[in-house]
Amino acid sequence: MKLLRKLFQLIAILVLILIVVVLIYSAPSLWRKIYTYPKLEKERNELHAKYKKPSNYIQQTDYKGVLHAHSYWSHDSRGILKEILPAAKKAELDFIFLSDHARYQLDSFPRGYHSIYDNIIIESGTEKSGLMVSPMKSVTLNWDQPKDSLIKQITQSGGLVLYVHTEEKHEWDNPDYQAMEIYNIHTDFLDEEDDLMPFVVNSVINGHKYKHWGMREIFDEQKIILARWDSINQFKKVVGMAASDAHNNQNIRARYTKEGMVEWVGPNAKTISIVEPGWKEKLLLTEPDETGWAFKFELDTYFHSFNFVNTHVFCDSLSNINIKDNLVAGHAFIAFESLANAKGFQYFSTDTKQEVNAIMGDSIQVGSVNTLKAVSPFPVRFELIRNGEVIDVADNLYTYEYKGEVRPGNYRLEAYINLKGEQIPWVYTNPIYVYRNDQY
Ligand SMILES: [Zn+2]
């Protein structure tokens, strides 16, 4: 009897220790569930209630979309249209420029998804060797040639070349690349990767209702990358864009194979095992959903990646060529959309008659700029940055006008929203390039 009592005591102590360990691990996420995220949700709703539709100063329409995303064509994604399209619709995207990992050194286009699906443009492209390329035509690229000549070949025949993963080394003085990532979700995630546990625990506890805030936990301002972008722009025009780097691959999923087996798929879309359905499968698997999965635990769904950060491009009308041309022209800004939808945000210069004479991405003579102006659908903090230096800050405004003297230089805007008493970056525009009267 005594022995049995001792055994019970030991088990009770072990259970208690286990509960304490679980509580310690989950305490931060539980706190977020009961306090932080409901508060953020409330503050975000209060911000959304302040929406005021800005007047249209810029003639072209703002189309928003995702650059740099992966589908089944990539070795590390299983993404199919049935998953991609509903997510894109929910995120209100107009376009997706894919960046699938090339399968061969000879890389032919178009391939994979490449068309207009339910009014959403999907353009095929490749991510390889630090580049994302969209040739915009039927062509076979040879990745064995020197990178410089490949970039030149693509851009000179009407295609798009972006530098991706800009935390890594690139040939910054290459004359032909057109744009670079100034934000990439995966780049931002790198400093979290060493200690994934808190992120996973938070996803288990808050993944259903507050996944958008859970993903925001990774956010850090990419100050080094932004500083690099500013410095490059002083000798060469390089457009800033945002990358979702969506893969929908940080998951545990299972599906039935044609042979009646069960394939378990883990992180990076790798097969963990193919097994006969056993007790585990009977317990966990349900009827396959319309995308074929019978079990899903997903961290980075397409929707949450698509809705995290977007690139807005101003075009006369929506077509893949217009998106590409206006992106290359810099008629674009990026916005963290899970905070607030940025459609309506505009940044431009006006002449003495208050007429718009240049928009973000344009070059304009110094004498022609009367005012640098911006409008926002929500009250924000505007920060005007000239050649990498903040030269003006204005708080809690829908409309911003720079009162100082406009000298030659590159002027870009950052807009911040206030949540939890903190100023959080929401919009980064491309610069307006103001040049001296005797230049060009
Ligand atoms: Zn990628």
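Residues numbered from 1 in each chain as written. Predicted model: local features only at pLDDT ≥ 70, side-chain atom pairs only at ≥ 80, totals over all residues. Heavy atoms only, no water.

Describe the overall build of the protein, with residues and values.
Looking only at helices and strands, the protein features 10 helices and 26 strands. The C-alpha atoms of the protein give a radius of gyration of 25 Å, which matches the 22 Å a tight globule of 440 residues would have. Buried residues in the protein amount to 52% of all 440 residues. Counting contacts in the protein only where the partners sit at least 6 residues apart, residues at least 24 apart contribute 69% of the total. A total of about 21,000 Å² of accessible surface is found on the protein, and carbon and sulfur atoms cover 55% of it. In the protein, 48 positive and 56 negative side-chain charges are present, and the distance between their average locations comes to 5 Å. (Helix = DSSP H or I, 4+ residues; strand = E, 2+ residues; numbered from the N terminus. Rg over C-alpha atoms; globule rule 2.2 N^0.38 Å. Buried < 20%, exposed > 50% of the residue type's maximum accessible area, 1.4 Å probe, protein only. Contact = heavy atoms within 4.5 Å. Areas by Shrake-Rupley, 256 points an atom, 1.4 Å probe, with all protein chains shown as cover. Lys, Arg positive; Asp, Glu negative; His and termini not counted. Charge placed at Lys NZ, Arg CZ, Asp CG, Glu CD.)

Residue-level account of the packing of helix α1 (residues 2-49) against helix α5 (residues 197-206), with values.
Following both chains from N to C, one finds α1 and α5 inclined at 50 degrees, their axes separated by 9 Å at the closest point. The orientation of α1 with respect to α5, classified from their angle, is oblique. Taken as a pair, α1 and α5 cross one another with a handedness that is right-handed. For the pair formed by α1 and α5, the contact residues are Y25, S26, S29, L30, R32, K33 and Y37 on the first element and M197, P198, V201, N202, I205 and N206 on the second. Residue composition of the contact of α1 with α5, grouped by class: 7 nonpolar, 4 polar and 2 charged. (Axes fitted to C-alpha atoms, helices over the stretch in contact; angles between N-to-C directions. Parallel < 35°, antiparallel > 145°, perpendicular 65-115°, else oblique. Left-handed = near helix turned anticlockwise from the far one by under 90°. Nonpolar A, V, L, I, M, F, W, Y, C, P; charged D, E, K, R; others polar.)

Before we move on, can you summarise the coordination of the zinc ion with the specific residues and values?
Within the protein, H68 (NE2), H70 (NE2), E127 (OE) and D245 (OD) serve as the donor atoms for the zinc ion, at 2.1 to 2.2 Å. Considering all 4 donor atoms around the zinc ion, the spread of angles at the metal, 80 to 172 degrees, places the coordination shape in the irregular class. Donor residues binding the zinc ion come from one chain and are separated in sequence as H-x1-H-x56-E-x117-D. Here H70, found in the loop between β1 (61-69) and α2 (81-90), pairs with D245, found in strand β12 (residues 239-246); they are 175 residues apart in sequence, far enough to count as distant. Of the residues examined, H70 reaches a relative accessible area of 0% and is grouped as buried. Looking at D245, the relative accessible area reads 7%, which means it is buried. (Donors = N, O, S within 2.8 Å, 3.2 Å for Na, K, Ca; no water. Tetrahedral: all angles 85-135°; square planar, octahedral: opposite > 155°, others 65-115°.)

Before we move on, could you go through the environment of K282 and cite the residues and values that matter?
Secondary-structure assignment places K282 in helix α8 (residues 279-284). Here K282 falls in the exposed class, since its relative accessible area comes to 67%. Separated by 81 residues in sequence, K282 and S363 place their C-alpha atoms 63 Å apart.

Which residues make up the pairing of strand β15 (residues 271-275), and what are the values?
When strand β14 (residues 262-265) meets β15, the two strands line up antiparallel, connected through 4 bridges. Of the residues in β15, the one forming a bridge with E263 is I274. Where β14 folds back on β15, the antiparallel hairpin that results is connected by 5 residues, among which N268 adopts a positive phi of roughly 60 degrees. (Pairing = 2+ DSSP bridges.)

Residues and numbers for the nonpolar core, please.
Ranked by size, the top nonpolar core spans 75 residues in total, and within it Y183, Y347, L372 and W426 carry the most contacts. For this core, the element with the highest residue contribution is strand β22 (residues 371-386), accounting for 7 residues. Every residue in contact with L372, bar those within four places of it in the chain, is listed here: Y347, F348, S349, L384, Y400, E401, Y402, V406, Y411 and I432. V66, A69, A246 and Y302 belong to the second-largest nonpolar core, a separate cluster that totals 19 residues. (Core = buried A, V, L, I, M, F, W, Y, C linked by side-chain atoms within 4.5 Å.)

Residues and numbers for helix α10 (residues 320-328), please.
For α10, the set of buried residues is I323, K324, N326 and L327. On the buried face of α10, the contacting elements are β1, β2 (95-98), β10 (160-163), β12, β17 (310-315) and β18 (332-335). Following α10 by one or two positions, G330 adopts a phi angle in the positive range, close to 85 degrees.

Hey, could you go over a negative patch on the surface for me, with residue numbers and the actual values?
The grouping of D191, E193, D194 and D195 at the surface amounts to a negative patch. The topology assignment puts D194 in the loop between α4 (185-189) and α5. (Patch = residues over 30% accessible without salt bridge, like charges linked within 9 Å, V, L, I, M, F, W, Y side chains within 5 Å. Salt bridge = Lys/Arg side-chain N within 4 Å of Asp/Glu carboxyl O.)

Can you lay out the environment of L3 for me, pointing to particular residues and giving the numbers?
You can see L3 is positioned in helix α1. When its relative accessible area of 73% is taken as the criterion, L3 is described as exposed. In this structure the C-alpha to C-alpha distance between L3 and F333, which are 330 residues apart in sequence, comes to 71 Å.

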